There are 2 protein chains.
Amino acid sequence: MPRRAPRSRRSDCPISITLELLGDEWSLLVVRDLMFKGLRTFQEFANSGEGIASNVLAERLARLEAGGIVSRERDAEDRRRVLYRLTEKGIDLAPVMVEIVLWAARHERTGAPEATVAAMRHHREGFLAEIRQRWEATAGAQSPDSPLRPSPESS
Amino acid sequence: MPRRAPRSRRSDCPISITLELLGDEWSLLVVRDLMFKGLRTFQEFANSGEGIASNVLAERLARLEAGGIVSRERDAEDRRRVLYRLTEKGIDLAPVMVEIVLWAARHERTGAPEATVAAMRHHREGFLAEIRQRWEATAGAQSPDSPLRPSPESS
DNA sequence: CGCATCGACTTGCAAAGTGCAAGTGGTAGC
DNA sequence: GCTACCACTTGCACTTTGCAAGTCGATGCG
């Protein structure tokens, strides 16, 4: 149990709060694997390319779960396996991820497929809607938890 | 010289590349200070609230400069002072920052002013345009460097 | 000038975190 | 029952962080 949720934050700045939760070299890669690649298990994350160490991966998954960004449950069909999934809070990171991809595609030499980048840039809303739909589709027996989320979009 | 620019990246994924450059708990705070708070000097960053250690701040500034996100130059009026500034690549992080703020404002208890968040949410383009204008305004004797940036926005 | 100050970093450590290799402990399959 | 799988732990060397103190080239001022 390396580090638990900070009882007191260093500041109440939204950027700072986000960085305390996601500000490391690995957390967003797990989010990426869940959001774009459809990966769901520890093994899959571990082998997804960048070579995260298993202890670091375990700690990050625990932190993401504690932060309410991913949920975990044992696979009913193979009880050895644990299936991770983005929560609503997690899938809400999609706009952030998209902007990161667009920024990197513009300023760095990336391997992102041109078509995907173009879709993100020119059909942003549709792209985001599609991601959310895919997420909802993989819901399985989604527990009816829509607990937080103060203001949906209105006002 | 703790760590230099990686000669080989762990992957060509845009998320991964961005995390190698900005994926830590401090770099984006410096970007925030430059982008939203108008801070420009080492001291100002050091005292901006979250309490970054001076050696870490120095290393981050060097890394951000090496990554082309900030530029530095000595103040002409007080040669002790170094003035940092976002580059074009740096100011292009504004959409990422805005999405982070919106996400955090929705899912965490932040101290972000309600009016600012509302402006980001409902007048996103205008908000971004304003940030860029403020950035251009502080240009001083802006060197005419618009070197990269493959596709501006068109296509 | 002479000297205290300032601003931007270094340096020295102890403590915390990371990467790697090798376990552990429940399933599953046969 | 035995081996394999999967999700983690554990040990340990190595690196990075956080904190305090120091360096070094400007100012400011008497």
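Throughout what follows, the structure given in this document is the object of discussion. (Residues numbered from 1 in each chain as written. Chains lettered and ligands numbered in written order. Predicted model: local features only at pLDDT ≥ 70, side-chain atom pairs only at ≥ 80, totals over all residues. Heavy atoms only, no water.)

### What about the overall build of chain A?
Regarding its fold elements, chain A presents 8 helices and 2 strands. Walking chain A from its N terminus toward its C terminus, one meets helices and strands in the order α-α-α-α-β-β-α-α-α-α. Within chain A, the proportion of its 155 residues that are buried is 46%. A sequence separation of at least 24 residues applies to 51% of the contacts in chain A between residues at least 6 apart. (Helix = DSSP H or I, 4+ residues; strand = E, 2+ residues; numbered from the N terminus. Buried < 20%, exposed > 50% of the residue type's maximum accessible area, 1.4 Å probe, protein only. Contact = heavy atoms within 4.5 Å.)

### Considering the protein's contact with DNA strand D
Lining the immediate environment of DNA strand D, one finds 20 residues, of which A:Gln43, A:Tyr84, B:Arg60, B:Asp78 and B:Arg79 sit closest. Backbone atoms, meaning sugar and phosphate, make up 62% of the atoms of DNA strand D lying within 4 Å of the protein. B:Trp26 has a polar side-chain atom sitting 3.4 Å from a phosphate oxygen of DNA strand D. Contact distances for DNA strand D include 3.0 Å between a phosphate oxygen and a backbone N or O atom of B:Arg79. Mapped by element, the contributors of at least two residues to the surface near DNA strand D are helix H3 (42–46), helix H4 (54–66) and strand S2 (82–86) of chain A together with helix H4 (54–66) of chain B. Of the residues forming the surface near DNA strand D, the biggest block, 4 residues, is contributed by H4(B). Residues of the surface near DNA strand D, tallied by class, amount to 7 nonpolar, 6 polar and 7 charged. (Near = heavy atom within 4 Å. Polar contact = N/O pair within 3.5 Å; in protein donor to acceptor, adjacent residues only side chain to side chain. Nonpolar A, V, L, I, M, F, W, Y, C, P; charged D, E, K, R; others polar.)

### Remarks on empty space enclosed by the protein
What the rule picks out here adds up to 3 cavities of 30 Å³ or more. Taken as a whole, the largest cavity encloses approximately 220 Å³ of empty space. As for the largest cavity, its lining consists of 18 residues, and the residues nearest its centre are A:Leu19, A:Leu28, A:Ile100, B:Leu28 and B:Ile100. Contributing elements (two or more residues each) for the lining of the largest cavity: helix H1 (14–22) and helix H6 (94–107) of chain A together with helix H1 (14–22) and helix H6 (94–107) of chain B. (1 Å grid on protein atoms, 1.4 Å probe; cavity = no way out; pocket = protein on both sides within 12 Å on 5 of 7 lines; lining within 4 Å. Points joined across faces, edges and corners; volume = space filled by probe spheres on them.)

### A short note on the interface of chain A and chain B
Chain A puts 53 residues into the contact, and the matching count from chain B is 53 residues. Note on chain A versus chain B: buried area summed over both sides is about 4,700 Å², and carbon and sulfur give 60% of it. Seen at the junction of chain A and chain B, the total is 10 salt bridges. Between A:Glu25 and B:Arg10 there is a salt bridge whose closest N-O contact spans 3.7 Å. Counting only elements with at least two residues in the side of chain A that touches chain B, the list comes to H1, helix H2 (27–37), H6 and helix H7 (114–122) of chain A. (Buried area = accessible area lost by both parts, 1.4 Å probe. Salt bridge = Lys/Arg side-chain N within 4 Å of Asp/Glu carboxyl O.)

### Topic: the pattern of salt bridges
Scanning all chains against the criterion turns up 34 salt bridges over all chains. With its nearest N and O atoms 2.9 Å apart, the salt bridge here joins A:Asp24 to A:Arg60. In this pair, A:Asp24 is assigned in the loop between H1 and H2 and A:Arg60 in helix H4, connecting sequence segments 36 residues apart. The class of A:Asp24 is buried, set by a relative accessible area of 8%. Residue classification places A:Arg60 among the buried positions, given a relative accessible area of 14%. The closest approach of N and O atoms between A:Arg63 and A:Glu59, which form a salt bridge, is 3.4 Å. Residue A:Arg63 and its partner A:Glu59 are located together in helix H4, separated by 4 residues, close to a single helical turn. Overall, the relative accessible area of 12% leaves A:Arg63 in the buried class. Taking relative accessible area as the criterion, A:Glu59 reaches 13% and is therefore assigned buried. Through salt bridges with shared partners, a single ionic network connects A:Glu99, A:Arg124, A:Glu125, B:Glu99, B:Arg124 and B:Glu125.

Purely spatial values, then, with no claim about function.
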